[in-house]
Amino acid sequence: MCYDFVGVISHTAYRDAQMKLKVVIHKAEEGGYWAEVPALPGCASQGDTMDELMANIREAIEGCLETPLPDFKSQKGDQVVEIAV
C-alpha cells in the first residue's frame, strides 16, 4: 500500500509551503502496521492502527528532515539555503 504524505515545512519564510512524500505502508505480522519513506532512507515508524501509524510516520518524517547538516567543507562564497517544494 502506498500513500502520498503531505507535510508542512515549518520555517517562517515557507509557512505555507508543502512537500509530498510517498509513504509505503505494510501490515505487520504481529498486528498493526509499519511504514517507510523511500525518499528518506532509514525513516520508518509503526502503529497499532492506521491513525496511530499516520501520526507516528509524520513525526518520524519531521525528525528525519530536521537532521542537522553533516560537516562539510565550504568554499568562500558558498551558501546553504532551504528550498520549499
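Residues numbered from 1 in each chain as written. Predicted model: local features only at pLDDT ≥ 70, side-chain atom pairs only at ≥ 80, totals over all residues. Heavy atoms only, no water.

Student: Where do I start with the overall build of the chain in this structure?
Tutor: Each helix and strand in the chain was counted, giving one helix and four strands. In sequence order, the secondary structure elements of the chain are arranged as β-β-β-β-α. When the accessible surface of the chain is totalled, it reaches about 6,700 Å², and 52% of it is carbon and sulfur. (Helix = DSSP H or I, 4+ residues; strand = E, 2+ residues; numbered from the N terminus. Areas by Shrake-Rupley, 256 points an atom, 1.4 Å probe, with all protein chains shown as cover.)

Student: What am I meant to see in the nonpolar core here?
Tutor: Soluble globular proteins: nonpolar side chains tend toward being buried together. Counting residues in each nonpolar core, the largest one holds 12 residues, listed as Met19, Leu21, Val23, Ile25, Ala35, Val37, Leu40, Cys43, Leu53, Ile57, Ala60 and Ile61. The set of elements that each furnish at least two residues to this core consists of β2 (18–27) and α1 (50–65). (Core = buried A, V, L, I, M, F, W, Y, C linked by side-chain atoms within 4.5 Å. Buried < 20%, exposed > 50% of the residue type's maximum accessible area, 1.4 Å probe, protein only.)

Student: Explain the pairing of strand β3 (residues 33–36) to me, please; I cannot follow it from the model alone.
Tutor: The two faces of the sheet receive side chains in turn, since in a regular strand these alternate between them. The sheet contact formed by β2 and β3 spans four bridges and is antiparallel. Across the sheet, residue Ile25 finds its bridge partner in β3, namely Ala35. What sits between β2 and β3 in their antiparallel hairpin is a turn of five residues, with Gly31 showing a positive phi close to 110°. Two strands pair when backbone bridges link them, and β3 and strand β4 (residues 44–47) are joined in this way by four bridges, in the antiparallel orientation. The residue bridging Trp34 from the neighbouring strand is Gln46, located in β4. (Pairing = 2+ DSSP bridges.)

Student: Before we go on, may I ask you to explain the confidence of the model for the chain in this structure?
Tutor: Detailed reading of the predicted coordinates is not advisable wherever pLDDT falls low. Looking at the chain as a whole, its pLDDT mean stands at 82, while 78% of the residues score no less than 70. Within the model, the stretch residues 7–13 combines pLDDT values under 50 with 15 contacts to residues more than four positions away or in other chains. (pLDDT = per-residue confidence, 0-100. Contact = heavy atoms within 4.5 Å.)

Student: What am I meant to see in the environment of Trp34 here?
Tutor: Along the chain, Trp34 falls in strand β3. Distance from Trp34 to Leu53, taken between C-alpha atoms, is 6.9 Å for residues 19 residues apart in sequence. Setting aside its immediate chain neighbours within four residues, Trp34 contacts Val24, Ile25, His26, Lys27, Ala28, Ser45, Gln46 and Leu53.

Student: I would appreciate a short explanation of the state of the cysteines in the present structure.
Tutor: Defined simply, a disulfide is a covalent bond joining two cysteines at their sulfur atoms. Summed over the entire model, instances satisfying the criterion amount to zero disulfides. Free cysteine Cys43: the closest other cysteine sulfur is in Cys64, separated by 3.0 Å. Residue classification places Cys43 among the buried positions, given a relative accessible area of 3%. We classify Cys64 as partly exposed; its relative accessible area is 29%. (Disulfide = S-S within 2.5 Å.)

Student: Can you walk me through a nonpolar patch on the surface in this structure?
Tutor: Together, Leu69, Phe72 and Val80 give the surface a local cluster of nonpolar side chains, amounting to about 330 Å² of exposed area. With respect to the helices and strands, Phe72 occurs in the segment after α1. (Patch = residues over 30% accessible without salt bridge, like charges linked within 9 Å, V, L, I, M, F, W, Y side chains within 5 Å. Salt bridge = Lys/Arg side-chain N within 4 Å of Asp/Glu carboxyl O.)

Student: It is not clear to me how α1 should be interpreted in this structure. Could you clarify?
Tutor: Side chains of residues three or four places apart in an α-helix project in the same direction, reflecting 3.6 residues per turn. Between its first and last C-alpha, α1 extends 22 Å over 16 residues, near the 22 Å set by a 1.5 Å rise per residue. Residues of α1 that are buried: Leu53, Ile57, Ala60 and Ile61. Down the axis of α1, the sector holding all buried residues measures 100°, keeping them to one side. Seen from the buried face of α1, the exposed residues on the opposite side, beyond 90 degrees, are Asp51 and Glu59. (Expected span 1.5 Å × (residues − 1). Arc of directions from axis to C-beta.)

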